[in-house]
Amino acid sequence: MFNFELYEKVKPDMNQRHMPVLLRKLMIPSAVTEISDLQHILDSLDAVVYVSDVETHELLFMNKYALKNIGGVNQFDDIRGKRCFEVLQKGQKSPCDFCTNTLLPKNGDTYLWEFKNTRNNCWYQCRDRLIRWHDGRQVRLEVATDITERKSVEEQLHETQKELKFLAEVDSLTQLYNRRAFFMYADNLRKSLPKSASLGLMILDLDYFKDINDSYGHEAGDTLLAAIGQKLLSFSGDGTVVGRMGGEEFAIAFHETEKREKLGFANGVYKAVSSVKALYFKDTLQCTTSIGVSSQMAATELRDIMREADNALYQAKSAGRSQIKVA
Ligand SMILES: Nc1nc2c(ncn2[C@@H]2O[C@H](COP(=O)(O)OP(=O)(O)OP(=O)(O)O)[C@@H](O)[C@H]2O)c(=O)[nH]1
């Protein structure tokens, strides 16, 4: 590491430029020329380079790029004596809570991290390391490159992936998980439970839905389906997965507990669905539902629990609809 203080002390006078080359060579020690070259190189970098005392946080060096792009000044003298957080962050009066000083490897290896600067809102990939300064103290050397563009592309990609995932998993009419996503998340719920815990499964099939379509039209049917979907969505969350299995059939997988016993829960869902009233122009649409419920130990395969609930639903339909049957 070159010695900036030495450089400041013996910096060549500008007038020396006009001296004959030989005389200049005699007057300027070669080390100083190297220092000047290094300073020039650091100042020409399109990257932040700075050095600060790890104990006091005093800034000991900042290259031109850092001074201009983060410090908002032109020369180091403008910030001399200040601490890194005062110059590098916006309105920071004490060491930053994300300061990496304590994380820097003692063996001098590089610590790599990414960070959004609070002064200019640019993202930087920072390479920090502990080095020994010319006076023996330990200092932090940071070299940081602007990755704002990459971050913005990454964020866009992330957003697009989220949208695609949503489109692939969520039924657009009811906002509930579609059949495939329901199976995936219901099975995830099952696997997340202790093997001896109870997994409940409820299958709902709306009653005489064809009559709604036939009487009011398909669009009216859609309106009622969407309203019922919204109601069912309110049951999803902590330990409950709700999905539209297709047409006018829905399913709810749930962790059955003492508080949420299957018949009591099914009763609540039955009442909620049957009380949905969807307004379609002048008409108010409403329908009942048949429900089949089953619950088994979480160690049981999902398709087996599902089959039981399906059989119970068949019995509910056969027994006249608008009722709950437990397997
Ligand atoms: N509007 C609308 N109707 C749908 C949709 N998916 C399925 N359906 C209708 O749902 C009706 C289901 O009819 P069925 O299987 O005979 O059942 P149901 O009339 O509800 O009678 P039960 O189930 O026996 O009580 C059909 O008319 C389908 O066209 C949808 O996305 N929108």
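Owing to the predicted nature of the structure, the values given are computational and were not obtained by experimental measurement.

Draft legend 1. The overall build of the chain, seen in detail. Scanning the chain for helices and strands turns up 11 helices and 12 strands. A total of 327 residues make up the chain; the buried ones form 25% of that total. For the chain, contacts bridging at least 24 residues in sequence account for 58% of all contacts bridging at least 6.

Draft legend 2. Region of the structure containing the site of the ligand. Every one of the 15 residues lining the ligand counts as a neighbour, but Asp 207, Phe 209, Lys 210, Gly 221 and Gly 247 are closest to it. The set of elements that each furnish at least two residues to the shell around the ligand consists of strand S6 (198-206), helix H8 (209-216) and helix H9 (218-233). Per element, the largest residue contribution to the shell around the ligand is 4 residues, and it comes from H9. When grouped by side-chain class, the residues that make up the shell around the ligand number 4 nonpolar, 4 polar and 7 charged.

Draft legend 3. Main features of the sheet that holds strand S12 (residues 324-326). With mixed pairing, the 5 strands of this open sheet are ordered in space as S7-S8-S6-S11-S12. Edge positions in the open sheet fall to strand S7 (240-246) and S12, since each of these has one partner strand only. Within this sheet the neighbouring strands show an average axis-to-axis angle of 20°, counted without direction. Across the sheet, helix H7 (residues 179-192) lies against S6, S7 and strand S8 (249-256), angled at about 155° from S7, the strand it touches most. In the packing of helix H10 (residues 262-274) onto the sheet, the strands contacted are S6, S8, strand S11 (289-297) and S12, and the crossing angle to S11 comes to about 155°.

Draft legend 4. Structural detail: the UniProt feature "domain: GGDEF" (unreviewed entry) in the chain. In the numbering used here, UniProt assigns the "domain: GGDEF" (unreviewed entry) feature to residues 197-327. For residues 197-327, the helix share is 41%, the strand share is 32%, and the end-to-end C-alpha distance is 18 Å.

Draft legend 5. Geometry of H9. Taking 1.5 Å of rise per residue, 16 residues should cover 22 Å, and H9 covers 22 Å from first to last C-alpha, within 8% of that figure. Gly 221, Thr 223, Leu 224, Leu 225, Ile 228 and Leu 232 are the residues of H9 that are buried. Contacts from the buried residues of H9 go to H8, S7, S8, H10, strand S9 (278-280) and strand S10 (283-285).

Draft legend 6. Looking closely at the sheet that holds strand S1 (residues 48-53). Read across the open sheet, the 5 strands follow the order S2-S1-S5-S4-S3; overall the sheet is antiparallel. Pairing within the sheet leaves two strands with one partner each, and these edge strands are strand S2 (59-62) and strand S3 (111-116). For this sheet, the mean inter-axis angle between neighbouring strands, taken without regard to orientation, is 25°. Of the strands in this sheet, S1 and S2 touch helix H4 (residues 64-71), which is tilted by about 90° from S1.

Draft legend 7. Summary view of helix H11 (residues 302-318). With 17 residues, H11 extends 24 Å between its outermost C-alpha atoms, agreeing within 8% with the 24 Å of an ideal straight helix rising 1.5 Å per residue. Turning to H11, the residues buried within the fold contact S6, S11 and S12. Gly 320 sits one or two residues past H11 and shows a positive phi near 115°.

Procedures and definitions
- Residues numbered from 1 in each chain as written.
- Predicted model: local features only at pLDDT ≥ 70, side-chain atom pairs only at ≥ 80, totals over all residues.
- Helix = DSSP H or I, 4+ residues; strand = E, 2+ residues; numbered from the N terminus.
- Buried ≥ 20, exposed ≤ 12 C-beta atoms within 10 Å, placed from the backbone.
- Contact = placed C-beta atoms within 7 Å.
- Near = placed C-beta within 6 Å.
- Nonpolar A, V, L, I, M, F, W, Y, C, P; charged D, E, K, R; others polar.
- Pairing = 2+ DSSP bridges.
- Axes fitted to C-alpha atoms, helices over the stretch in contact; angles between N-to-C directions.
- UniProt positions renumbered as here; feature names shortened; annotations may be inferred.
- Expected span 1.5 Å × (residues − 1).

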